[in-house]
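This is what each chain is made of:
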Amino acid sequence: MTLRRGLLIIGLLTPGLGLILALIGTVVYIAVSQSFGFYSLNGISEFSTEFWSKMVGRKIFKRSIQYSIYIGVLSAIFSVALAYPLAIWLRKPFAGSNLIGAILKAPLLVHGLVAAFLFVNVISYHGILNQFMQWLGIWSEPRRLQNDPNAYSVLILQTWKNMPFALLLLTGAVQSISDDVLDAARDLGAGKWDRFRRVIAPLTISSMQAAMVIIFIGAVADFSFQVIAGPTNKQSLSQLMVSFKGRGDWHSAAVVGVSLMVIALVGSAILAAVARIIMRGRIK
Amino acid sequence: MVAIDIEHLSKKFGDFTALSDVSIDVQPKEFVTLLGPSGCGKTTLLKLISGFLEPTDGVIKIGGLDVTHVPPEKRDTALCFQSYALFPHLTVKENLEFGPRQKKISSSERKARIDDVSEKLDLTAQLDKLPNQLSGGQQQRVSLGRALTMRPSVILFDEPLSNLDAKLRDQVRIEIRRIQKEYGLTAIYVTHDQAEALSMSDRIVVLNDGRVEQVDSPERLYYAPKTRFVADFIGDANIFPGEVVGAISNGLWQVETGIGSFSVTALEAPKTKSVSLCWRPESAIIDTSGIKAKVVHRAFQGHFTDLIVETNETPYRVQTKRTDAQEGDIIQFSVSPDEVILLDKDT
Amino acid sequence: MTIEQLNKILLISLLLVCAIWLIIPFTMAVLWSLVDPSEPWTADKVLPPVISLYRWVDMWENSSLKSALIASYTLAPSAALLSLLLAMPTSFALGRLEFPGRELAKMLCLLPLVVPAFITAIFFTSLLYQVGLSSWRPGAILFAHAILFMPFAIRIMTVSFEQVRQDHIDAARNLGASHWARFRVAYLPALKPGIFATLLIVFIQSIEEFAIAFIVGSPDIVTIPTLLYAALGQDYVRPNAAVLSLILVVPNVILMLILERLLRSANPTLSSGKG
């Protein structure tokens, strides 16, 4: 590798990869630094762990962490759990399978905010769901379904939005398993559940992990769904971060931001490892 | 008791009839081959026996039990796939173990079976390898071993040798037959290669266009084909339309064809006056008397010479061990009456 | 029950679910956007009593809809173009040159997708303040969008570059073509579908992007997503929100369908070399 070629490569990579690394690198650097008191925008810049120690003691911080992890993990699990049987069902084309595939993937086209609005609209106090249930006689009066404290709305929205993505990844993986291999398993006595557990799951594990990790990261860092449809007594980490920034408290925002990044990374790793262990454990 | 009893089996796919009215009995420990050209229905029949397809009509019984509507995972059959279909994420040992584990066989019994099979198939050194680390021949053996550890009532083969090179094919052919005899398994084997079928089988089911043409031992199929298709498909045959002139003596008939007159041995009187006559090219004995034929083409093949000859402008084949006849010569030959076969005219 | 019958039942139930999942919410949105303010749509009526395009017209004339549309629809194509141009050299290197660390480089290009959007948004803003560029908002958003969506551009263009046939390049060179002519004749035909796909994807992503537009842009710059967010927040006027939702979704769906058609037809042209 000559020097000239090396320089050429670096030169070519700079406007693309270079800028990416610059932007992301700077962003992360600033976030970490600000969390430790540097780069203050309205005060003195000096190293301090004060912001971290203060934040860790706050109840609202702990609750946000718990809440965001709760949303992240459940969204990932629900999305993948729903996507697997659908991917297996759609493995071989049959009459209407293309249509179903398209309908199932439709949520990918819908913007998060729009989805939140549509959902909130449907479940609103005088919305169509309430009216339908009253018409059926199941409820005698409208119920307040919005902003429920268990965040079911957020979970439903997350699953609705993310399941198609998991479906996309899993469909490819499931279709790459040859028919003969599945027929062989059947011939050797494996019923539907055993075929999944002992053949399909192990062979699609990397796609499943990728789906879970990406969905987890997205859901843990959610802002829009939370703000529009989420519980009012809890805040997601992103929401917390934005509110600190809105008050001008950049350092606390940075603490929350760095925590979010760490949780996203560590959480994904744990989730991926656990998924692998569960799948592996069943075979041995 | 019959190992496999197939009665009036039919399979239709929409308007297309893949199999019609197939009835076969397979005895225990028998090696039966389903033979025929592509599209004849042999793979369909195999899939029906293994349970991957359900018949449109008819009954399948294995070991006396009606399995017509039983799914493959519950049938006592084991299938060796053409593509081997080994589980790519499992080692050879785990592949071999798969079936017995499904059956919930105890781990000591499982170990015994795996040791036994891997020894017989020479797989002991590969037990911890993954399928992608094995050669084609080794994968083939694992596929066979996986079926064997199941100790099935019936073992099924779907053209297992077609992905192997010629030399390996001969070896594996012998191995499969040996294993089948050793374990005393009933085997159904699908192939389009007649040499394979002839060398391995106790009986062959010849299929054409979804129908059974003939079920017989290899020798009887070769020397006593019943239909034109069978005569033509297995080995070479010269087939001529002819008229029965009359009986020469008891069991000996005279038939007049376009190229000459033949004497035919037949136990029963021919049913119709118009018949189809057939004999194998190697049955012709070249001599100084008999039917006259002009040699049109000569191909020396080493241990025999292939001649294409013509009589009355009808071309046909004669094979002989050694001859000096050249192209353009006139030869004379006869065929022993025992080697002339009468086929049903409308076949 | 046979597989065919089971499939039919699942199909019908899924279509039913999808009707509830997609058709009803969207119908609601359309209806709400058509409500005339003269007669509010109360709970006792199945359909809005008076239907008109009042809301649409009103939003167009009186709210920031116009400026939001302009902002979104100028930002998006610019971001797409910028992203493409910045991605080209890198994609060329990743697609056609061999060097140690290439796989690592490919993975690093995906970094923007891993860092949560709001973190990037907030600390990019912080960066702007630090550097003193906080008044350069539209440029900042454009820049951020271009880089944020570059992973898509790089991914697609790398694959396109990989598919440029060496023998076409050699033939052009052999016939004495200059660098530019070589590019035009041997590279461009194979790259065209990738270029269109990239422009389209980055365009769609930019129109939809919320975090950066919100944090960096407010309050001066309004894009359609931020306008929708405002409409859903403090001044929750349902019909306005409905109008904005439809404006956001419908072009998106159309563009995505075009993209799908494009990607599907791209492959045969590429491989047969007739492109």
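Residues numbered from 1 in each chain as written. Chains lettered and ligands numbered in written order. Predicted model: local features only at pLDDT ≥ 70, side-chain atom pairs only at ≥ 80, totals over all residues. Heavy atoms only, no water.

Caption draft 1: Structural view of the overall build of chain C. Across its full length, chain C holds 13 helices and zero strands. Along chain C, helices (α) and strands (β) appear in the sequence α-α-α-α-α-α-α-α-α-α-α-α-α when read from the amino end. Counting all 275 residues of chain C, 48% fall into the buried class. Within chain C, counting contacts between residues at least 6 apart in sequence, those at least 24 apart form 70% of the total. Total accessible area on chain C is roughly 13600 Å²; 68% of this is exposed by carbon and sulfur atoms. (Helix = DSSP H or I, 4+ residues; strand = E, 2+ residues; numbered from the N terminus. Buried < 20%, exposed > 50% of the residue type's maximum accessible area, 1.4 Å probe, protein only. Contact = heavy atoms within 4.5 Å. Areas by Shrake-Rupley, 256 points an atom, 1.4 Å probe, with all protein chains shown as cover.)

Caption draft 2: Inspection of the sheet that holds strand 12 (residues 252-257) of chain B at higher detail. Residues and elements named next belong to chain B. Read from one edge to the other, the open sheet built from five strands follows the order 13-12-11-14-20, with strand pairing classed as antiparallel. The two strands at the open ends of the sheet, each matched to only one other strand, are strand 13 (261-265) and strand 20 (341-343). Within the sheet, the average angular offset between the axes of one strand and its neighbour, ignoring direction, is 45°. In this sheet, strand 13 lies alongside strand 12 in antiparallel orientation, the contact comprising five bridges. What sits directly across from Gln254, in strand 13, is Ser263. (Pairing = 2+ DSSP bridges. Axes fitted to C-alpha atoms, helices over the stretch in contact; angles between N-to-C directions.)

Caption draft 3: Layout of the interface of chain B and chain A. Of the residues lining the interface, 22 residues belong to chain B; the matching set on chain A comes to 19 residues. A per-residue breakdown of the area chain B buries against chain A is headed by Glu73, His89 and Gln102 of chain B, which together make up 31% of the total. Close ionic contact of Arg186 of chain A with Glu73 of chain B constitutes a salt bridge, the shortest N to O distance being 2.9 Å. Our count for the contact surface shared by chain B and chain A stands at seven residue pairs in polar contact (both at pLDDT 80 or more). (Buried area = accessible area lost by both parts, 1.4 Å probe. Salt bridge = Lys/Arg side-chain N within 4 Å of Asp/Glu carboxyl O. Polar contact = N/O pair within 3.5 Å; in protein donor to acceptor, adjacent residues only side chain to side chain.)

Caption draft 4: Spatial organisation of the confidence of the model for chain A. Overall, the prediction assigns chain A a mean pLDDT of 84, with 94% of residues at 70 or greater. Ranking the helices and strands of chain A by mean pLDDT puts helix 8 (residues 179-187) of chain A first, with 93, and helix 6 (residues 128-136) of chain A last, with 71. (pLDDT = per-residue confidence, 0-100.)

Caption draft 5: View of the sheet that holds strand 18 (residues 314-320) of chain B. All names here are of chain B. Pairing within the open sheet is antiparallel, and its five strands lie in the order 15-19-16-17-18. Every other strand in the sheet has two partners, leaving strand 15 (284-287) and strand 18 as the edge strands with one partner each. The mean angle between the axes of side-by-side strands here comes to 45°, regardless of whether they run parallel or antiparallel. Pairing geometry for strand 16 (residues 291-300) and strand 17 (residues 305-311), over six bridges, is antiparallel. Looking at the pairing, His297 lines up with Ile308 of strand 17.

Caption draft 6: Layout of the pairing of strand 1 (residues 4-13) of chain B. Residue and element names in this part refer to chain B. Bridge analysis of strand 1 against strand 4 (residues 57-62) gives five bridges, and the strand direction is antiparallel. Each residue of the ladder has a partner; that of Glu7, found in strand 4, is Val59. Turn length for the strand 1-strand 2 (residues 16-26) hairpin, with the two strands adjacent in sequence and antiparallel, is two residues, and the turn residue Gly14 shows positive phi of about 65°.

Caption draft 7: A look at the arrangement of the chains. Contact analysis covers two pairs of chains in contact, and the most contacts occur between chains A and C. There is no contact between chain B and chain C; across them, the least C-alpha separation is 10 Å.

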